[in-house]
Amino acid sequence: MSLYINTKAKIMTPEGITLEFLTNLGILQGDVLAPLIFIIVLDFILRLAIGPRDGFKVGSNYIADLDFADDLATITDSFSENGRICQSISDIAARYGLLINIGKTKYMSYNIPRPPTCQL
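Procedures and definitions
- Residues numbered from 1 in each chain as written.
- Predicted model: local features only at pLDDT ≥ 70, side-chain atom pairs only at ≥ 80, totals over all residues.
- Heavy atoms only, no water.
- Helix = DSSP H or I, 4+ residues; strand = E, 2+ residues; numbered from the N terminus.
- Polar contact = N/O pair within 3.5 Å; in protein donor to acceptor, adjacent residues only side chain to side chain.
- Contact = heavy atoms within 4.5 Å.
- Pairing = 2+ DSSP bridges.
- Core = buried A, V, L, I, M, F, W, Y, C linked by side-chain atoms within 4.5 Å.
- Buried < 20%, exposed > 50% of the residue type's maximum accessible area, 1.4 Å probe, protein only.
- Axes fitted to C-alpha atoms, helices over the stretch in contact; angles between N-to-C directions.
- Parallel < 35°, antiparallel > 145°, perpendicular 65-115°, else oblique.
- Left-handed = near helix turned anticlockwise from the far one by under 90°.
- Nonpolar A, V, L, I, M, F, W, Y, C, P; charged D, E, K, R; others polar.

Asks: Is there a simple way to explain the side chain of T76 in this structure?
Replies: Along the chain, T76 falls in the loop between β8 (71–74) and α2 (79–95). Separated by 2.8 Å, the side chain of T76 and the backbone oxygen of S78 make a polar contact. Leaving out residues up to four positions away in the same chain, T76 has contacts with G55, F56, E81, N82, I85 and I112.

Asks: So what exactly am I meant to see when it comes to the pairing of β8 here?
Replies: A regular strand places its side chains so that they alternate between the two faces of the sheet. Where strand β7 (residues 65–68) meets β8, 4 bridges bridge the pair, whose relative direction is antiparallel. Considered in β8, the bridge of D67 is made with L72. Linking β7 to β8, which pair antiparallel, is a turn of 2 residues; within it A69 sits at a positive phi near 55°.

Asks: For this particular structure, what's the right way to read the nonpolar core?
Replies: In terms of nonpolar packing, the biggest core is built from 10 residues, these being L42, I45, L46, A49, I50, A64, I85, I89, I92 and A93. Broken down by secondary-structure element, the contributors of at least two residues to this core are α1 (34–49) and α2. When sequence neighbours within four positions are dropped, the list of residues in contact with A49 reads D54, S88, I89 and I92.

Asks: Explain the packing of α1 against α2 here, please?
Replies: To characterise two packed helices, one gives the angle between the axes of the helices and the distance between these axes. Orientation of α1 relative to α2, taken along the N-to-C sense of each, is 130°, at an axis distance of 9 Å. Here α1 is positioned oblique relative to α2, judged by the angle of their axes. Between α1 and α2 lies a crossing whose hand is right-handed. Contact residues: α1 offers I45, L46, L48 and A49, while α2 offers S88, I89, I92 and A93. A class-by-class count of the residues in the contact of α1 with α2 yields 7 nonpolar, 1 polar and no charged.

Laid out in structure tokens, this is it:
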């Protein structure tokens, strides 16, 4: 049984959405290309979600995220900025069918007073 029987796709490009076409092949979970494709998509999402002046200032540069495989750490000067960045990542990721697993989401602070409640 094939997962790709009668499946169709469109591709979103800067010029617009392509015409619909049949898909005969795909990348399944566990395929050696799956991690590479995931990283490419995640990098695209982060570039859209995080601005050039978001994050923690180091010298004349800003660091807003540290990534490894499917783990992501956001780095900011405040809980409010971190919440804004996380919401932006979540909103843009949802456009491409990716969701943040709130059950696996953790936060910590260092030299920033914790608010009485922190919404993730």
